[in-house]
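Survey of secondary and tertiary structure
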Amino acid sequence: MKYVIFIPDGSSDLPLDEINGQTPLKVANTPNIDKLAKAGYGGLTNNVPEGYTPGSDVANMSIFGYNPADYYTGRGPLEAGSVGIETTPCDVIFRCNTIFEKNGKMEDFNAGHITTEEADVLMKGLNRYFNDKYPGFKGKFYTGISYRHLFVYSCDNVEDAEILANLKTMPPHDISGENLVDNLFGDCELAREIQNIMFESKEFLKTQEINQKREIPANMVWLWGQGVTPKLLNFKEKYGLDAAVITGVDLLKGIGVFAGMEIIDVPGATGFFDTDYEAKGKYGIEALKRNDVLFIHIEAPDEAGHAQLLDEKVKAIEQIDKFIVGPILDSLEGQDYRAAILPDHPTPIDIGTHTRDDVPIIMYASDMEGDDCVAFDEVSVLNGSITKKEGYKLMQRLIDGDF
Ligand SMILES: [Zn+2]
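Quick summary incoming for the structure in this document. Because the structure is predicted, anything quoted here is derived from the model rather than measured.

Reading guide: rules and limits
- Residues numbered from 1 in each chain as written.
- Predicted model: local features only at pLDDT ≥ 70, side-chain atom pairs only at ≥ 80, totals over all residues.
- Heavy atoms only, no water.
- Helix = DSSP H or I, 4+ residues; strand = E, 2+ residues; numbered from the N terminus.
- Rg over C-alpha atoms; globule rule 2.2 N^0.38 Å.
- Buried < 20%, exposed > 50% of the residue type's maximum accessible area, 1.4 Å probe, protein only.
- Contact = heavy atoms within 4.5 Å.
- Areas by Shrake-Rupley, 256 points an atom, 1.4 Å probe, with all protein chains shown as cover.
- Pairing = 2+ DSSP bridges.
- Arc of directions from axis to C-beta.
- Polar contact = N/O pair within 3.5 Å; in protein donor to acceptor, adjacent residues only side chain to side chain.
- Salt bridge = Lys/Arg side-chain N within 4 Å of Asp/Glu carboxyl O.
- Axes fitted to C-alpha atoms, helices over the stretch in contact; angles between N-to-C directions.
- Parallel < 35°, antiparallel > 145°, perpendicular 65-115°, else oblique.
- Nonpolar A, V, L, I, M, F, W, Y, C, P; charged D, E, K, R; others polar.
- Core = buried A, V, L, I, M, F, W, Y, C linked by side-chain atoms within 4.5 Å.

Looking now at the overall build of the protein chain. Helix and strand counts for the protein chain come out as 15 helices and twelve strands. What you see for the protein chain is a C-alpha radius of gyration of 22 Å, in line with the 22 Å of a compact globule of 403 residues. Along the first, second and third principal axes, the C-alpha set of the protein chain runs to 70 × 45 × 35 Å. A buried classification covers 56% of the 403 residues belonging to the protein chain. Counting only contacts in the protein chain whose residues sit at least 6 apart along the sequence, the fraction spanning at least 24 positions is 74%. Summed over its atoms, the accessible surface of the protein chain is roughly 16,800 Å², and 48% of this surface lies on carbon and sulfur atoms.

Structure below.
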């Protein structure tokens, strides 16, 4: 039995006036997904447990079959996993933004979308600066992409790591224009240590030629989203199946790495509108020859939601149908297989960011009859018979035929 899970990120939406109260999923021309819906089962699900922000990290962890309440330790650690940074249980991994601070305020959380090349010079310089000034410095900066980097702090013991991991830190994109000192994360010794590193980074960064040239300088680092390395039970041990993941997004690769999945890098998979859909479909077909399970994630509809571009969102859904869902389902013709299609969370055009609402889902089994649902959109799935359960149960439900 083969299993394929299609994840058009952020594709579900709210009714839009421009299209007479319909949604992008409803108006998109998707013959292949419709076929799956007619032969399968429809309903609603939710991948974001109560108490979590609806991020792609938490939501996709659910879809991959892991309850975030048991396994989610933060965003930083998942990104570290995707780039192969080795950590110990004493390490706390932070997201590290290069920001523009002005008069003590968060002026720009991405320092004018600094380039990776410039940021790399600054990250390496910060390592030299702190190590020279504080021999035995317990932190290390790692260059990521553009303004998105990582910082790993090695605690003396796991108890300290636990304390540091549990401090409430602020996403820099949520505190634009606010005073930084109003958004610090605590008064314990460990919190002060990390905060001192953030503020001291200014001393080094202001001396850098790159920053003197930049209109929007990266004159401080902001550390957040921290956690210890998650201990995901190996997917094969958990479900008895080999799995692969295709995605253009680091966070999702990280989940795959920790779950022991095969990570398939597709040339031209950008995580944006311009992603190479056709290549993703082809690599998906190959991946299913080697694996029992394929998670295939496409970021483009989410990006269109954030950019509030209706046409781009509809186009992304149509491309997914034509170049990914169609060819992969064709390749499985004549075999026993089960499939699901669902967004991780909605990214409504009118809101421009993620919401925690339920998402539509279609589940299909080649050996089961299907229900009355005939299309994959927010309203049509209500004709289906799938009962809503926690999102992380999806994989087990597919295996059990528990629709
Ligand atoms: Zn997402």
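What follows is about the environment of Lys315. Here Lys315 shows up in helix 14 (residues 310-332). Exposure remark for Lys315: the relative accessible area of 45% places this residue in the partly exposed category. Lys315 sits 138 residues away from Gly177 along the chain, and the two C-alpha atoms are 35 Å apart.

One non-glycine residue, Asn20, lies in the positive phi region at around 55°. Examined against the element boundaries, Asn20 turns out to sit in the loop between strand 1 (2-8) and helix 1 (24-27).

Looking now at the pairing of strand 10 (residues 293-298). Here is the key point about a regular strand: its side chains alternate between the two faces of the sheet. Judged by how many residues are buried, strand 10 sits mostly within the fold: six of six residues are covered. Both faces of strand 10 are covered, namely the face carrying Val293, Phe295 and His297 and the face carrying Leu294, Ile296 and Ile298. When strand 1 meets strand 10, the two strands line up parallel, connected through six bridges. What sits directly across from Phe6, in strand 10, is Ile296. Note that strand 8 (residues 243-246) and strand 10 share four bridges and pair parallel.

Further remarks concern helix 7 (residues 158-165). All buried positions along helix 7 are accounted for by Ala161, Leu164 and Ala165. Angularly, the buried residues of helix 7 cover 100° about the axis, an arc narrow enough to put them on a single face. Contacts made by the buried residues of helix 7 are with strand 3 (91-102), strand 6 (148-154), helix 8 (189-205) and strand 7 (220-227). Two or three places before Glu159, at the start of helix 7, stands the capping residue Asn157, its side-chain oxygen 3.2 Å from that residue's backbone nitrogen.

Before going further, it helps to examine the pattern of salt bridges. As enumerated under the stated definition, the model contains 20 salt bridges in all. Between Lys133 and Glu200 there is a salt bridge; the shortest N-O distance is 2.7 Å. Within this pair, whereas Lys133 is found in helix 6 (residues 116-133), its partner Glu200 is found in helix 8, the two being separated by 67 residues in sequence. With relative accessibility at 15%, the residue Glu200 sits in the buried group. Linked through salt bridges whose partners overlap, the residues forming this network are Arg75, Glu79 and Arg95.

Another aspect to go through is the sheet that holds strand 10. One open sheet holds the seven strands; their spatial order is 2-12-11-1-10-8-9, and the pairing between them is mixed. Bordering the open sheet on either side are strand 2 (41-45) and strand 9 (262-264), each of which pairs with just one other strand. When strand polarity is set aside, the average angle formed by the axes of neighbouring strands in this sheet is 20°.

Between helix 5 (residues 75-82) and helix 11 (residues 250-258), the least distance of the axes is 7 Å, while the angle of their chain directions is 75°. Between helix 5 and helix 11, the angle falls in the class roughly perpendicular. Contacts between helix 5 and helix 11 involve Arg75, Pro77, Leu78, Glu79, Gly81 and Ser82 on the former and, on the latter, Asp250, Leu251, Lys253, Gly254, Ile255, Val257 and Phe258. Here the residues of the contact of helix 5 with helix 11 are counted per class, giving six nonpolar, three polar and four charged.

Summarising the sheet, strand 5 (residues 139-145) and strand 6 pair through five bridges and their orientation is antiparallel. Across the sheet, Lys140 pairs through a bridge with Val152, a residue of strand 6. Hairpin connection, strand 5 to strand 6: the antiparallel pair is bridged by two residues, and Ser146 has positive phi, about 55°.

Next up on the list: the nonpolar core. Counting residues in each nonpolar core, the largest one holds 42 residues, and the members touching the most others are Val4, Phe6, Leu294, Ile296, Ile328, Ile341 and Ile362. Those elements that provide at least two residues to this core are strand 1, helix 2 (31-39), strand 8, helix 12 (277-290), strand 10, helix 14, strand 11 (337-341) and strand 12 (359-365). Sort the elements by how many residues they give to this core and helix 14 lands first, with ten residues. If we skip the residues at most four places from it in the chain, Ile328 touches Val4, Phe6, Gly281, Gly284, Ile285, Leu288, Leu294 and Ile296. Within the second largest apolar cluster, 41 residues are counted, among which are Ile99, Met106, Leu164 and Met198.

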